[in-house]
Amino acid sequence: MAVNDVSFTAMDGYVTGLLGPNGAGKTTTLRMLYGLLKPDGGSIEVDDIKLNGNPLDVQERLGVLPDVSGLYPRLTSREHIRYYGQLRGLSAAELDTATKNLIEALGMADIIDRRVAGFSHGERTKVAMARALVHHPQNILLDEPTNGLDVMATRAVREVIRRLKGEGRCVLFSSHVMQEVSALCDRIVVIAKGLVVADGTPDEIRNQAGVENLEDAFVALAGQEQHEQ
Amino acid sequence: MNFRRIWVISRKEWTDAFRDRRSFYSLAIGALIGPLLVGFMMNRIAEQRRTADEIKIPIMGRQNAPALVSWLDQQAGIDIIDAPTNPQEAVRSGKTDFVVVIPKNFGEKFNESRPAAIQLVSDSSKQSLQAKVSRVRRLLGAYSAEIGTLRLIARGVSPSVATALTVEDVEISSAQQRAAIIFNMIPLFVVLAAFTTAMQIATDSTAGERERGSLEPLLINPVPKSELVIGKWFAAAMVATGGMLVTLSLITAVLSRVPFQELGVRFTFGAKEASMLLAAALPMALMAPAVQIYLASFAKTFKEAQSYMGFLIMVPTLAGTVSLLYPAGDMPWLRVLPIAGQYLLATDVMGGKAPGPIWFIAAAAMAVALAALFISLTTRLFRSEKIVIGR
């Protein structure tokens, strides 16, 4: 069992970080949130809609960047965005505007009409992000969005996350990197071995662990052993 | 059911598939292999038949029977050439196909009206030469009968007295037989085209998506799983239909150039037969991709899926071969069995005795029902968690 008891609330206009070492249950938690895994118990609500029984209604309100970007090598960036936009029922005009905005927000002008095969990791993440945001979702789930990205790409992703927050959207992202979370999050949920071990603002987390440094707090809460993996 | 969304899914699969060189080639091969084989084999048979018509007969000891040699020479398509010095050695080593040897005492015995021996040196283990050798044997027999008749007349006996039996040759030559076999293989090629052309897109859009990790983000879209599966199935089914149409029209074009008359075969295969064959086989273009998508959805990788496809294609191949060897006769239940039903209808069409439309509808209905069953099974598979997190 990857996730045992994980409860938290992510608010509109806030960036919530799901922090935990590898294998803590972050991806499993997110997969349950976006309806790909069914929890054995408990409940999930998005914008007051219960996931159980209404998975499509919930998915309607989500924009998700999963664990693996999962692109189609033979399609261009624009075709990726168009495919997901059309699947979500966007009109041609809506799709046009959305694509323009995304090209600008993510800095994709140079890669928009290139086929994805051969893209760098950063470029792939941009395409996956754009595809996830095309329908202007209120709630955004990002599974380790900056994992393996270089500095420039990481900065671009952070920029987008801040922008989404500024627009009053609800952003939930997972990470095992301390700096990432402390740089962005208003609220941190620390999970380890499928349990929530801490939940609060960065200051509250530090107080709870009784240490000055957030990284020390993470180590203290998540357990030294696991963190070294 | 949102048809626009299904169309979006199918269109993406087509774009993806046609940009892939591997899948494009496999598509082309799948659609062309049947017509190419039919054309090639029919041509070979016609060619063999023609070479059998023009026979060069090496004769040793021509001077011993000048009358026989000149009679042979006058027969249509016969050329007399010089024989090698050692006939048996030459035939054994394959230098020449056969040799006719006329011994020195031929004239002597012939003049005394005694049976004059002639040797026909050939290697009976070489099947491909049998047509030629037996033709020569028949010619020699004909000469013998002609001379015999003349001798009887010279002695005042009616030749019919000596003819107790007249055997009328109703010949099914090997050329005819082979032409018939290939002709009857056409349904097999047409049905197989559905499987081979849909294979790539069916595996790439399911197992391929899993392998690339693109299935998980796709499933997060608020699209009913049934629409996803139908979209993917429709993409493959249209490719299979196209493949079948290409195969069938090329085969029709090839057959229009085969000189059936020359082959001594009475086959007709025109637009009417082709469209009836299409009516019989088309349900397979709907069913084959449904089964393929279901099987491929179990596979985690493209390669794994391809090995399943390899096994799957054995089913129509074996069924088609069995239907060639053992005509089903009157077993009505076989006629509504998918694949077997299509073959039986096709065989009837090829034989020029198509059954009533009710049989076409019955066979098609069963195939379509099976397609629907596999689509719903695949949908179920797509709804389960296993499709994302493995088995």
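Everything that follows concerns the structure shown earlier in this document.
Caption draft 1: Structural view of the overall build of chain A. When its secondary structure is counted, chain A shows 10 helices and eight strands. Taken over the C-alpha trace, chain A has a radius of gyration of 18 Å; the compact-globule value for 229 residues is 17 Å, and the two agree within 12%. With the C-alpha coordinates aligned to their principal axes, the bounding extent of chain A is approximately 55 × 40 × 30 Å. The burial tally for chain A puts 50% of its 229 residues in the buried class. The contacts in chain A between residues at least 6 apart in sequence include a share of 68% that link residues at least 24 apart.

Caption draft 2: Looking closely at helix 17 (residues 357-383) of chain B. Between its terminal C-alpha atoms helix 17 of chain B stretches 39 Å, which fits the 39 Å expected from 27 residues at 1.5 Å a residue. All buried positions along helix 17 of chain B are accounted for by F360(B), A363(B), A364(B), A367(B), A371(B), F374(B), I375(B), T378(B), T379(B), L381(B) and F382(B).

Caption draft 3: Structural view of the pattern of salt bridges. Tallying each qualifying case throughout the model produces 27 salt bridges over all chains. Across the pair E209(B) and K232(B) runs a salt bridge, and its minimum N-O distance is 2.7 Å. Of this pair, E209(B) sits in helix 8 (residues 174-212) while K232(B) is found in helix 10 (residues 225-257), placing the two residues 23 residues apart along the sequence. Since its relative accessible area comes to 0%, E209(B) is described here as buried. Accessibility expressed as a relative area gives 1% for K232(B), which makes it buried. Through salt bridges with shared partners, a single ionic network connects R74(A), K12(B), E13(B), D16(B), D20(B), R22(B), D204(B), E209(B), R212(B) and K232(B).

Caption draft 4: Molecular detail of the sheet that holds strand 4 (residues 62-65) of chain A. All names here are of chain A. The six strands are arranged 4-5-6-1-7-8 in an open sheet whose pairing can be described as mixed. Edge positions in the open sheet fall to strand 4 and strand 8 (195-200), since each of these has one partner strand only. Each adjacent strand pair in this sheet contributes to an overall mean axis angle of 15°, direction not counted. Pairing of strand 1 (residues 15-19) with strand 7 (residues 187-192), which is carried by four bridges, proceeds in the parallel orientation. Residue pairing for strand 7: L18 is matched across the bridge by V189.

Caption draft 5: The layout of surface pockets, seen in detail. Residue and element names in this part refer to chain A. What the largest pocket holds in volume is close to 960 Å³. Lining of the largest pocket is provided by 35 residues; of these, V6, T29, L33, S43 and I44 occupy positions nearest its centre. Those elements that place two or more of their residues in the lining of the largest pocket are helix 1 (26-33), strand 2 (45-46), strand 5 (139-143) and strand 6 (170-175). When residues in the lining of the largest pocket are grouped by element, the largest group, four residues, is from helix 1.

Caption draft 6: Spatial organisation of the environment of A274(B). Residues and elements named next belong to chain B. Within the secondary structure layout, A274 lies in helix 12 (residues 271-281). Here the alpha-carbon distance between A274 and A362, two residues 88 residues apart in the chain, equals 20 Å. If sequence neighbours within four positions are ignored, A274 has contacts with L248, T252 and F269.

Caption draft 7: Seen up close, the interface of chain B and chain A. Opposite the 28 residues of chain B that make contact, chain A presents 28 residues. Interface of chain B and chain A: buried area, both sides summed, is about 2700 Å²; carbon and sulfur atoms make up 57% of it. Counting the surface chain B buries against chain A, the share from its top three residues, R19(B), I220(B) and P222(B), is 25%. Here R74(A) ties to D16(B) by a salt bridge, and the two come within 3.0 Å at their closest N and O atoms. Viewed at the interface, chain A and chain B are joined by 13 residue pairs in polar contact (both at pLDDT 80 or more). For the side of chain B that touches chain A, the element with the highest residue contribution is helix 1 (residues 3-18) of chain B, accounting for eight residues. Taken together, the residues of the side of chain B that touches chain A sort by class into 11 nonpolar, four polar and 13 charged.

Caption draft 8: Expanded view of empty space enclosed by the protein. Taken as a whole and assessed by the stated rule, the structure comprises three cavities of 30 Å³ or more. Volume-wise, the largest cavity comes out at about 80 Å³. Looking at the largest cavity, it is lined by 13 residues, and the ones nearest its centre are V64(A), Y84(A), A132(A), P217(B) and I220(B). Those elements that provide at least two residues to the lining of the largest cavity are strand 4 and helix 5 (121-133) of chain A together with helix 9 (215-220) of chain B. One number sums up the size of the second largest cavity: a volume of about 60 Å³. What lines the second largest cavity is simply A17(B), F18(B), S23(B), F24(B), L27(B), T197(B), Q200(B), I201(B) and V239(B).

Caption draft 9: Quick peek at the side chain of T99(A). Residues and elements named next belong to chain A. Residue placement: T99 occurs in helix 4 (residues 92-106). Here T99 falls in the buried class, since its relative accessible area comes to 8%. Within polar-contact distance, the side chain of T99 engages the backbone oxygen of L95 at 2.6 Å. For T99, the residues in contact, after removing those within four places along its chain, are R78, I81 and I112.

The rules behind the values
- Residues numbered from 1 in each chain as written.
- Chains lettered and ligands numbered in written order.
- Predicted model: local features only at pLDDT ≥ 70, side-chain atom pairs only at ≥ 80, totals over all residues.
- Heavy atoms only, no water.
- Helix = DSSP H or I, 4+ residues; strand = E, 2+ residues; numbered from the N terminus.
- Rg over C-alpha atoms; globule rule 2.2 N^0.38 Å.
- Buried < 20%, exposed > 50% of the residue type's maximum accessible area, 1.4 Å probe, protein only.
- Contact = heavy atoms within 4.5 Å.
- Expected span 1.5 Å × (residues − 1).
- Salt bridge = Lys/Arg side-chain N within 4 Å of Asp/Glu carboxyl O.
- Pairing = 2+ DSSP bridges.
- Axes fitted to C-alpha atoms, helices over the stretch in contact; angles between N-to-C directions.
- 1 Å grid on protein atoms, 1.4 Å probe; cavity = no way out; pocket = protein on both sides within 12 Å on 5 of 7 lines; lining within 4 Å.
- Points joined across faces, edges and corners; volume = space filled by probe spheres on them.
- Buried area = accessible area lost by both parts, 1.4 Å probe.
- Polar contact = N/O pair within 3.5 Å; in protein donor to acceptor, adjacent residues only side chain to side chain.
- Nonpolar A, V, L, I, M, F, W, Y, C, P; charged D, E, K, R; others polar.

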